[in-house]
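Remarks on the overall topology
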Amino acid sequence: SQTIHQWPATLVQPVGSPLSLECTVEGTSNPNLYWYRQAAGRGLQLLFYSVGIGQISSEVPQNLSASRPQDRQFILSSKKLLLSDSGFYLCAWRETSGRTNTGELFFGEGSRLTVL
Amino acid sequence: QQPVQSPQAVILREGEDAVINCSSSKALYSVHWYRQKHGEAPVFLMILLKGGEQKGHEKISASFNEKKQQSSLYLTASQLSYSGTYFCGTPRAYNFNKFYFGSGTKLNVKP
């Protein structure tokens, strides 16, 4: 069966510090991978998605970046965090859609980031 | 690009019914519904693909109108366990790899 893991679960970082969140998926190959951010009490904002190794699409200009060094690994990074980067970060995977759009998203447990 | 959800929040007593709407100015290729418990990741409930489709999941069901521009989630005889935030989501037309969510509806079921 497929599983998705995200870490760290919680972190508190000072403004200007770097960030690295990691997500790995098991039990599937060539999945679509996604990073979403959820500010407190708000909706799910799509940050990045990837359809393959090294292929990253950015949705919102910001000081975050994403990388996919391996098929089932997705990393969210920042060189210098801002206060506005605080939130609940969710990684998700989905079967490669291609011409179809029926695949549901499976989410990791989430990483709660507080920037002070 | 993002679908619009309404209402933003609902407070119910156990046993009451609720309807959550998700709409778009353009036809949606499909609509997904998810529920997120506080502090947890969203969990998939169901997907609707065809105009006019209706689908059920225990006492939670959903419909997709003929024009595929609106979907509604129906929660009947609500239970305490239904509390959470409900999101509709949809892939973007012409690029199914992008997936957007509505703003969410917070449902609070009280005893």
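Data block above holds the structure.
Scope of this entry: the structure provided in the associated data block. What you see is a predicted model; the values in this text were computed from it and never measured. (Residues numbered from 1 in each chain as written. Chains lettered and ligands numbered in written order. Predicted model: local features only at pLDDT ≥ 70, side-chain atom pairs only at ≥ 80, totals over all residues. Heavy atoms only, no water.)

As a further point, take the environment of A:Leu105. Position of A:Leu105 relative to the elements: it lies in the loop between strand 9 (87-94) and strand 10 (106-107). In sequence terms A:Leu105 and A:Ala92 are 13 residues apart; their C-alpha atoms lie 6.1 Å from each other. Those residues within four positions of A:Leu105 in sequence are excluded, and the remaining contacts are A:Tyr34, A:Tyr36, A:Ala92, A:Trp93, A:Arg94, B:Tyr34, B:Phe99 and B:Phe101. (Helix = DSSP H or I, 4+ residues; strand = E, 2+ residues; numbered from the N terminus. Contact = heavy atoms within 4.5 Å.)

Residue and element names in this part refer to chain A. Mapped onto the fold, Ser65 is located in strand 7 (residues 64-70). Considering only alpha carbons, one finds Ser65 and Glu26, 39 residues apart in sequence, at a separation of 23 Å. What Ser65 contacts, discounting residues up to four positions off in sequence, is Phe48, Ile75, Leu76 and Ser77.

Take the packing of aromatic side chains next. What the rule picks out here adds up to 13 aromatic pairs over all chains. Here the aromatic rings of A:Phe107 and B:Tyr34 are separated by 6.1 Å at their centres, their planes lie at 90°, and the arrangement is edge-to-face. In this pair, A:Phe107 is assigned in strand 10 and B:Tyr34 in strand 4 (residues 31-36), connecting two distinct chains. Given the relative accessible area of 0%, B:Tyr34 is considered buried. The interplanar angle of 65° and the centroid separation of 5.2 Å between the aromatic rings of B:Phe99 and B:Phe101 together place this pair among those described as edge-to-face. Judged by its relative accessible area of 0%, B:Phe99 falls in the buried class. By the ring-pair criterion, three or more aromatic residues cluster together here, those being A:Tyr34, A:Tyr36, A:Tyr49, A:Phe107, B:Tyr34, B:Phe44, B:Phe87, B:Phe99 and B:Phe101. In this structure, A:Arg112 is placed above the aromatic ring of A:Phe88, and the distance from its NZ or CZ to the ring centre is 4.3 Å. (Phe/Tyr/Trp six-rings, centres within 6.5 Å; stacked < 30°, edge-to-face > 60°. Buried < 20%, exposed > 50% of the residue type's maximum accessible area, 1.4 Å probe, protein only. Lys NZ or Arg CZ within 6 Å of the ring centre and 35° of its normal.)

Let's shift gears to the pattern of salt bridges. Residue and element names in this part refer to chain A. With the rule as written, the count across this model stands at 4 salt bridges over all chains. Between Arg37 and Asp85 there is a salt bridge, and its shortest N-O distance comes to 3.4 Å. In this pair, Arg37 is assigned in strand 4 (residues 32-38) and Asp85 in the loop between strand 8 (73-78) and strand 9, connecting sequence segments 48 residues apart. As far as burial versus exposure is concerned, Arg37 and Asp85 are alike and both buried. (Salt bridge = Lys/Arg side-chain N within 4 Å of Asp/Glu carboxyl O.)

Time to look at the state of the cysteines. Residues and elements named next belong to chain B. Taken as a whole, this structure holds 2 disulfides over all chains when the rule is applied. The partner cysteine of Cys22 in its disulfide is Cys88, sulfur to sulfur 2.1 Å. When the S-S torsion is 75°, as for the bridge of Cys22 with Cys88, the disulfide is right-handed. With Cys22 in strand 3 (residues 18-23) and Cys88 in strand 9 (residues 84-92), this pair connects stretches of sequence that are 66 residues apart. (Disulfide = S-S within 2.5 Å.)

Residue and element names in this part refer to chain A. Within strand 9, 8 of the 8 residues are buried, which leaves it mostly tucked inside the rest of the structure. Of the pairings in the sheet, the one linking strand 9 to strand 11 (residues 111-115) comprises 3 bridges and is antiparallel in character. Following the sheet pairing, Tyr89 is matched in strand 11 by Ser111. Bridging between strand 9 and strand 10 involves 2 bridges; their strand directions are antiparallel. (Pairing = 2+ DSSP bridges.)

Before going further, it helps to spend a moment on the nonpolar core. Judged by nonpolar contacts, the single largest core of 21 residues is most densely connected at B:Trp33, B:Ile60, B:Leu73, B:Leu75, B:Tyr82, B:Tyr86 and B:Leu107. Among the elements of the structure, strand 2 (9-13), strand 3, strand 4, strand 5 (43-48), strand 7 (60-64), strand 8 (70-75), strand 9 and strand 11 (105-110) of chain B are those that each provide at least two residues to this core. Sequence-distant contacts of B:Ile60, that is, excluding residues within four places in its chain, are made with B:Arg35, B:Met46, B:Lys55, B:Leu73, B:Tyr74, B:Leu75, B:Tyr82 and B:Tyr86. Counting residues in each nonpolar core, the second largest holds 20 residues, with A:Ile4, A:Leu19, A:Leu21 and A:Leu113 among its members. (Core = buried A, V, L, I, M, F, W, Y, C linked by side-chain atoms within 4.5 Å.)

Residue and element names in this part refer to chain A. Strand order across the open sheet formed by 4 strands is 1-3-8-7, with antiparallel pairing between neighbours. Sheet topology places strand 1 (3-7) and strand 7 at the edges, where each strand pairs with a single neighbour. Looking at each pair of strands side by side, their axes are set apart by 15° on average, direction ignored. (Axes fitted to C-alpha atoms, helices over the stretch in contact; angles between N-to-C directions.)

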